[in-house]
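Coordinate inspection notes
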Amino acid sequence: MRNKQEHIVKDISTFKQNLLAWSTQFDDVVWLDSNNYSQQYSSYDAVLAIDAFTSIQSDCISVFERLKEYQSTTKDWIFGYLTYDLKNDVEDLESNNFDGLEFPDLYFFQPKKLFLIKGNRVETLYLKVVEDELDNDLKVIRELGDSTIKSPKDSVKIKLRIHKDEYFQKVNTMLEHIHRGDVYEANFCQEFFAENTTIDPLETYNKLNAISKPPFATFFRLGDKYLLSATPERYIKKEGKKIITQPIKGTAKRSENAIEDKALELGLSQDEKERSENIMIVDLVRNDLSHTATKGSVKVEELCKVYSFEQVHQMISTVVSEVEEGTNPIDVIKSTFPMGSMTGAPKISAMKIIENLEETKRGLYSGTVGYISPKGDFDFNVIIRSILYNETKQYVSYSVGGAITAKSDPLKEYEECLIKAKAMREVLENR
């Protein structure tokens, strides 16, 4: 049972900054922030879950069944992540590429302390074992000093796992698969990394979030492992019987010139190649949702709508369905995982080709972070535009990718990757 209290906060912006800074003392942290981005399907402006009371950690053996058992036994809020490589638990696949980060394939925890923020209202949900700590916690949070972005440190030296010429070769190999009919579209990713490097996770996250302001920003900590994410993409959400997915496919750069920026936005909306990418993934997502949907309930609410973010314009579609009352939330997630926007079509063929061509185990990149409520509702993002950090190994990583189709030009695909990588690189190199 949780002690539920509601608090009115006058300066919610400062409270949020202080709350996140205060949370970093704990080994288990999930911070989700919408950055007040206007969106139709939004339950909270920000959420903080900290300090594990119980947890589950696993690699790719019957993971979804174990998660289902944990969720049904706990019957409480649980927060955590699923890595992309849980594809191996869904299908007969493998992940044999280099892994410099070494995150567990899955981690979820039942937080002792939970904060739900909407407007200037903060709802606290503390487990009974820690409810007597609430008043002191709030006092410390309110009195915390300045937690804004600090002065820059030494620049991180970024290396490429796949160099430009090799990238072109790999994309051309992908195009050969497409022309043979092995696959229609596949999301091909590459890693940028730094070794023997120390960063300040909170400062890095704050800087990345400040220049990106995405609707699904995430600060995650599991001991010495960190995710600092400026992702704009929702993977999947459940509200009662309704399921919502919002795949992103299609990217254009922003311009400081308003007229040019509007032209770039319009150009993206009318780009035949980008629209075809998006529509192929919409078809894949519709098929995934149909496995748990009631008959005739899978619908496309929005097709190829362009949304603007601080760094890029993105083409987003919204696909929804309904499930029967009592449908297990883990079954919905498993039947749609990994998300179509990070795989391709047909999905299994795309994942096999991806594994052969990429040089890095994706891990949490292109996986998902989110929560499941006691009622079985959930909300999960897609981990893109993110910095991953293993503090003990002093290894920093970020990856970017793009959808390769028959109309792809390797040079343009490479340039799109650099646009997507821009914010992470600027933050790490202190540009």
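Below you will find a few notes about this structure. This one's a predicted model, so the numbers in the text were calculated from it and none came from an experiment. (Residues numbered from 1 in each chain as written. Predicted model: local features only at pLDDT ≥ 70, side-chain atom pairs only at ≥ 80, totals over all residues. Heavy atoms only, no water.)

Section: the overall build of the protein chain
From N to C terminus, the protein chain includes 11 helices and 20 strands. Taking 22 Å as the expected radius of gyration for a compact globule of 431 residues, we find that the protein chain reaches 21 Å, a close match to that expectation. If one aligns the C-alpha atoms of the protein chain with their principal axes, the spans along those axes are about 65 × 55 × 45 Å. Looking at the protein chain residue by residue over its 431 residues, the buried ones come to 59%. (Helix = DSSP H or I, 4+ residues; strand = E, 2+ residues; numbered from the N terminus. Rg over C-alpha atoms; globule rule 2.2 N^0.38 Å. Buried < 20%, exposed > 50% of the residue type's maximum accessible area, 1.4 Å probe, protein only.)

A word on a nonpolar patch on the surface
On the surface, a nonpolar cluster with roughly 210 Å² of combined accessible area is contributed by I279, V300 and L303. Mapped onto the secondary structure, V300 falls in strand β14 (residues 299–308). (Patch = residues over 30% accessible without salt bridge, like charges linked within 9 Å, V, L, I, M, F, W, Y side chains within 5 Å. Areas by Shrake-Rupley, 256 points an atom, 1.4 Å probe, with all protein chains shown as cover. Salt bridge = Lys/Arg side-chain N within 4 Å of Asp/Glu carboxyl O.)

Here's the deal with the nonpolar core
In this structure, L19, W22, W31, F115, F219 and I387 are the most contacted members of the largest nonpolar core, which totals 64 residues. Counting residues per element, this core draws most heavily on helix α11 (residues 410–429), which supplies seven residues. Counting residues in hydrophobic clusters, the runner-up holds 57 residues, among them L32, F109, L289 and I372. (Core = buried A, V, L, I, M, F, W, Y, C linked by side-chain atoms within 4.5 Å.)

Points about unusual backbone geometry
Put simply, F337 and P338 share a cis peptide bond, and its omega is -10°. Looking at the element boundaries, P338 is found in the loop between α9 (329–336) and β16 (344–345). The omega torsion across A345 and P346 is -10°, close enough to zero to call that bond cis. The backbone of N196 sits at a positive phi, close to 50°, despite the residue not being glycine. Looking at the element boundaries, N196 is found in the loop between β8 (185–194) and α6 (201–212). Given a relative accessible area of 67%, N196 falls into the exposed group.

Quick word on the environment of V47
Residue placement: V47 occurs in strand β3 (residues 46–58). Residue class for V47 comes out buried when judged on its relative accessible area of 4%. Sequence separation between V47 and F115 is 68 residues, and the spatial gap between their C-alpha atoms is 5.7 Å. In contact with V47, other than residues within four places in its own chain, are V30, W31, L32, F79, L114, F115 and L116. (Contact = heavy atoms within 4.5 Å.)

Looking at the side chain of E429
Tracing the backbone through its elements, the reader meets E429 in helix α11. Assessed through its relative accessible area of 15%, E429 is described here as buried. If we ignore the near neighbours within four places in the chain, the residues touching E429 are S155, V156 and I158.

Re the pairing of strand β5 (residues 106–118)
Counting buried residues in β5 gives 11 out of 13 residues, a clear majority hidden from the surface. In terms of strand pairing, β3 meets β5 through 11 bridges, oriented antiparallel. In the sheet register, S55 faces β5, and the bridge partner there is F109. Two strands pair when backbone bridges link them, and strand β4 (residues 78–82) and β5 are joined in this way by four bridges, in the antiparallel orientation. Bridging across to β5, G80 finds its partner in F108. (Pairing = 2+ DSSP bridges.)

What to know about helix α4 (residues 134–143)
Given 3.6 residues per helical turn, the α-helix brings residues three or four places apart onto the same face. Restricting attention to buried positions, one finds in α4 the residues L134, D137, L138 and I141. Mapping the buried residues of α4 onto a view down its axis gives an arc of 95°, with all of them on the same face. Residues of α4 that are exposed and point over 90 degrees away from its buried face: D135 and E143. (Arc of directions from axis to C-beta.)

Digging into helix α7 (residues 258–270)
Between the first and last C-alpha of α7 there are 19 Å, a value that for 13 residues agrees with the 18 Å anticipated at 1.5 Å per step. Where α7 begins, the capping side chain belongs to N257, and its oxygen is found 3.0 Å from the backbone nitrogen of I259. (Expected span 1.5 Å × (residues − 1). Polar contact = N/O pair within 3.5 Å; in protein donor to acceptor, adjacent residues only side chain to side chain.)

Focus: the pairing of strand β20 (residues 395–404)
Taken across its 10 residues, β20 has 10 buried, putting it largely inside the fold. Bridging between β8 and β20 involves nine bridges; their strand directions are antiparallel. Considered in β20, the bridge of C189 is made with G401. Counting the residues in the hairpin turn of strand β19 (residues 386–390) and β20 gives four residues, including Q394, whose phi is positive at 55°.

Describing the packing of aromatic side chains
Counted under the stated rule, the structure contains 24 aromatic pairs. Ring geometry for F219 against Y226: centres 6.1 Å apart, planes inclined by 65°, an arrangement best described as edge-to-face. Owing to a relative accessible area of 7%, Y226 belongs among the buried residues under this scheme. One aromatic cluster in this structure is built from W22, F26, F115 and Y126. Of note, R161 hangs over the ring of F193, and the distance from its end group to the ring centre comes to 3.8 Å. Here the guanidinium or amino end of R362 rests over the ring plane of Y84, the centre of that ring lying 4.4 Å away. (Phe/Tyr/Trp six-rings, centres within 6.5 Å; stacked < 30°, edge-to-face > 60°. Lys NZ or Arg CZ within 6 Å of the ring centre and 35° of its normal.)

It is worth stressing that arrangement in space is one thing and function is another; only the former is reported here.
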